[in-house]
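Letter by letter, the chains look like this.
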Amino acid sequence: MTSARAIAHPNIALAKYWGKQNGPGNYPAVPSLSVTLDGLATTTKVTLDDSLAKDIATINGQEVVGEPKERIVTLLGLVRAKLSATGETPAFCCVESTNDFPTSSGLASSASGFAALTIAADGAYGTQLPTDVLSDLARRISASSARSFYSDFVVLASGPEAPTGNELLAARPFAERASLPLEVLVAVTTEGAKEVKSTGGMNQTRDKSPVYDAWKNEAPRIFADVKAAIETKSFERLGEAAERSALLMHATMIAGGLVYWNAGTMEAMHTVRKLRAKGTAAYFTIDAGPHVKVLVEPENVRAVKAALESTPSVLRVLRATLGDGARLVS
Ligand code: 2P0
């Protein structure tokens, strides 16, 4: 039996993606810029098995069923469709994936998960596709996962306004970690999975939020500001733009009735703002879940971590530096 194992890390967007272009292919409506993290990881093994009548998948030892399973099978189908025609039907496979951090709770497990799955499937099926093609395939299932193929600061442009579904749109590396040293502290505020997945949340925001167009208009300006902050090596400018992106994205969701925050989210935001008022440069960002990710310069990690840990509703704090893109490990 042929198998391949891949590792991928989640990424955290500093300029957020939220919203899709109308039409097929899962193209983002706004550009995004992320950092790939070290310290949190998904490891995925794909094993081809001629005896299987369908693909099977487990995450952390639990069989995956329903819509999450369909997304995995769709991705596997996209990789298998790249096999050169030999006349033989490719074998189904067994996918075994483990996360060393909470799954499906706004910690970007779908980003690392689909990046690791795509690389492992490419290895097991022997398709040997270039990284941009793999990033494009994964983007079709989970747009944020396109960014986890690359290290450090990564951009994903918005898609065409009226996509046919055939346009290649991969993420691409933007800058190396040394250009602006920072770390990310994740204030975990629940151990549970989120109730509204990102795709459903984006659809709800598009359909119900009266300020969705304002978000789509402003997001490219924030994206440009984040890029300029990295180019000019300004941590403060980066943090301010990242906070603006997260707050505007959440304001847009909330206006459409979607609230991902819990009490701990608010408490951690206030902790960060209090630190800043006292002169410590720390900035927060929040994804489609209640955890608060705090951007800090390396010399302030210890003090900011201690402040987050003494925030009552924060359960624990994870620490991540900038990390490498998804890769095969065997
Ligand atoms: C991001 N998020 O830029 C934004 C910020 C969450 C909030 O990309 O619908 O799971 O599968 O393309 O990739 C999460 O979205 O969404 C996400 P789909 P995905 O990181």
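For every chain, the first residue of the written sequence is number 1, and numbering continues from 1 onward in sequence order. Predicted model: local features are reported for residues with pLDDT of at least 70 only, side-chain atom pairs are reported and counted for 80 or more only, and whole-chain, interface and lining totals are derived from all residues. The basis for every side-chain value is the complete set of non-hydrogen atoms in the structure, without hydrogens or water.

Enquirer: What is the right way to look at the nonpolar core in this model?
Expert: General note: in soluble globular proteins, nonpolar side chains tend to be found buried as a group. In this structure, Trp18, Val46, Ile72, Val95 and Leu117 are the most contacted members of the largest nonpolar core, which totals 52 residues. Considering every element that reaches this core, the biggest residue donor is helix α2 (residues 109–125), with 9 residues. What is meant by a nonpolar core is a set of buried Ala, Val, Leu, Ile, Met, Phe, Trp, Tyr and Cys residues, joined one to another through side-chain atoms within 4.5 Å. Note on classification: 1.4 Å probe, protein chains only; a residue is buried when its accessible area is under 20% of the maximum for its type, exposed when over 50%, partly exposed between these limits. In DSSP terms, a helix is any run of H or I states spanning at least four residues, a strand is any run of E spanning at least two, and both are numbered starting from the N terminus.

Enquirer: When you look at the site of the ligand in this model, what are you seeing that I'm missing?
Expert: Being near a molecule or strand, for a residue, comes down to having at least one heavy atom within 4 Å of it. The full set close to the ligand counts 19 residues, and Lys20, Arg71, Ser144, Arg147 and Thr199 are the nearest of them. What qualifies as a polar contact is a pair of N or O atoms within 3.5 Å, subject to a donor-acceptor requirement within protein and to the restriction that residues adjacent in sequence count only when both atoms come from side chains. Between the ligand and the protein, one listed contact pairs an oxygen atom with a side-chain N or O atom of Arg147 at 2.7 Å. Here the ligand, which alone exposes 470 Å², has 93% of that area covered by the protein. For the shell around the ligand, the element with the highest residue contribution is helix α4 (residues 198–208), accounting for 3 residues. Here the shell around the ligand is composed, by residue class, of 8 nonpolar, 6 polar and 5 charged. Residue-level accessible areas treat just the shown protein chains as cover; the underlying method is Shrake-Rupley with a 1.4 Å probe. Gly counts as polar in this scheme, as do all residues outside two lists: the nonpolar Ala, Val, Leu, Ile, Met, Phe, Trp, Tyr, Cys and Pro, and the charged Asp, Glu, Lys and Arg.

Enquirer: Just checking my understanding: could you explain helix α6 (residues 235–255) for this structure?
Expert: Along an α-helix, a turn takes 3.6 residues, which lines up residues three or four apart on a common side. Any helix carries an expected span of 1.5 Å times its number of residues minus one. An ideal rise of 1.5 Å per residue puts 30 Å on 21 residues; α6 measures up with 30 Å between its terminal C-alpha atoms. Where α6 is buried, its residues contact β2 (11–15), α4, α5 (212–231), α7 (263–277), β11 (282–285) and β12 (292–296). Of the residues trailing α6, Gly257 is marked for its positive phi of about 95°. What makes two residues a contact is simply this: any of their non-hydrogen atoms within 4.5 Å.

Enquirer: Help me understand the layout of surface pockets in this model?
Expert: Leftover empty space is mapped by rolling, across the atoms, a probe with the size of a water molecule. Whether a set of points on the 1 Å grid over the protein atoms alone is a cavity depends on a 1.4 Å probe fitting there but being unable to get out, while an open set qualifies as a pocket with protein on both sides within 12 Å along at least five of seven lines; lining residues are those with an atom within 4 Å of a point. Grid points are joined across faces, edges and corners, and a volume is the space filled by probe spheres set on the points. The calculated volume of the second largest pocket comes to roughly 220 Å³. In terms of lining residues, the second largest pocket is bounded by 13 residues, among which Ala193, Lys194, Glu195, Val259 and Tyr260 are the most central. For the lining of the second largest pocket, the class distribution of residues is 7 nonpolar, 4 polar and 2 charged.

Enquirer: Honestly, the sheet that holds β12 in this entry has me stumped. Any pointers?
Expert: What links the strands of a sheet is backbone hydrogen bonding, and the strands pair in either a parallel or an antiparallel sense. Taken in spatial order, the 4 strands line up as β11-β12-β10-β13 in an open sheet, and their pairing is antiparallel. Each edge of the open sheet carries a strand with a single partner, namely β11 and β13 (316–320). Within this sheet the neighbouring strands show an average axis-to-axis angle of 25°, counted without direction. Here, any two strands with at least 2 DSSP bridges between them count as paired. For strand β10 (residues 183–188) and β12, the ladder comprises 5 bridges, and the chain directions are antiparallel. In the sheet register, Glu183 faces β12, and the bridge partner there is Val296. In the packing of α6 onto the sheet, the strands contacted are β11 and β12, and the crossing angle to β11 comes to about 25°. Convention adopted: a line fitted to C-alpha atoms gives each axis, helices being fitted over their contacting stretch, and angles between N-to-C directions are expressed from 0 to 180 degrees. Sitting on the sheet, α7 is in contact with β10, β11 and β12, with an inclination near 155° to β11.

Enquirer: Is there a simple way to think about the pattern of salt bridges in this case?
Expert: The working definition used for a salt bridge is a side-chain nitrogen of Lys or Arg within 4 Å of a carboxyl oxygen of Asp or Glu. Summed over all chains, the structure comprises 16 salt bridges. In this structure, Glu243 engages Arg273 in a salt bridge whose closest nitrogen and oxygen atoms are separated by 2.7 Å. Of this pair, Glu243 sits in helix α6 while Arg273 is found in helix α7, placing the two residues 30 residues apart along the sequence. Looking at Arg273, the relative accessible area reads 41%, which means it is partly exposed. Overlapping salt bridges bring together Lys16, Asp287 and Lys293 as one network.

Enquirer: Got a minute to help me understand the side chain of Thr280 in this structure?
Expert: Considering the arrangement of structural elements, one finds Thr280 in the loop between α7 and β11. Excluding residues that lie within four positions of it along the chain, Thr280 makes contacts with Leu275, Asn300 and Val304.

Enquirer: Looking at this structure, I do not really get the environment of Ala53. What am I missing?
Expert: Here Ala53 is to be found in the loop between β4 (42–49) and β5 (56–59). With relative accessibility at 71%, the residue Ala53 sits in the exposed group. Taking the C-alpha atoms as reference, Ala53 lies 57 Å from Arg276; in sequence the two are 223 residues apart.

Enquirer: Would you mind showing me how to read the sheet that holds strand β1 (residues 3–8) here?
Expert: The 6 strands are arranged β6-β5-β7-β4-β1-β14 in an open sheet whose pairing can be described as mixed. A strand with exactly one partner marks an edge of an open sheet, and here the two such strands are β6 (62–63) and β14 (327–328). By the bridge criterion, 8 bridges tie β4 to strand β7 (residues 92–99) in an arrangement that is antiparallel. Note that in β7 the partner of Lys45 across the bridge is Glu96. Strands in contact with helix α1 (residues 66–80) are β5 and β7; relative to β7, the strand with the most contacts, it is inclined by about 125°.

Enquirer: What's the story with α1 in this structure? I'm lost.
Expert: With 15 residues, α1 should reach 21 Å at 1.5 Å per residue; the first-to-last C-alpha distance of 21 Å fits that figure. Along α1, the positions that sit buried rather than exposed are Lys69, Arg71, Ile72, Leu75, Leu76, Val79 and Arg80. Residues of α1 that are buried sit in contact with β5, β7, α2, α3 (131–141) and α4.

Enquirer: Would you take a moment to explain the side chain of Thr44 for this structure?
Expert: On the secondary structure map, Thr44 appears in strand β4. We classify Thr44 as buried; its relative accessible area is 1%. Polar contacts involving the side chain of Thr44 include one to the side chain of Ser97, which spans 2.9 Å. When neighbours within four sequence positions are excluded, Thr44 is seen to be in contact with Ala4, Arg5, Ala6, Val95, Glu96, Ser97, Gly113, Ala116, Leu117 and Ala120.

So yeah, pure geometry; function would need other evidence.
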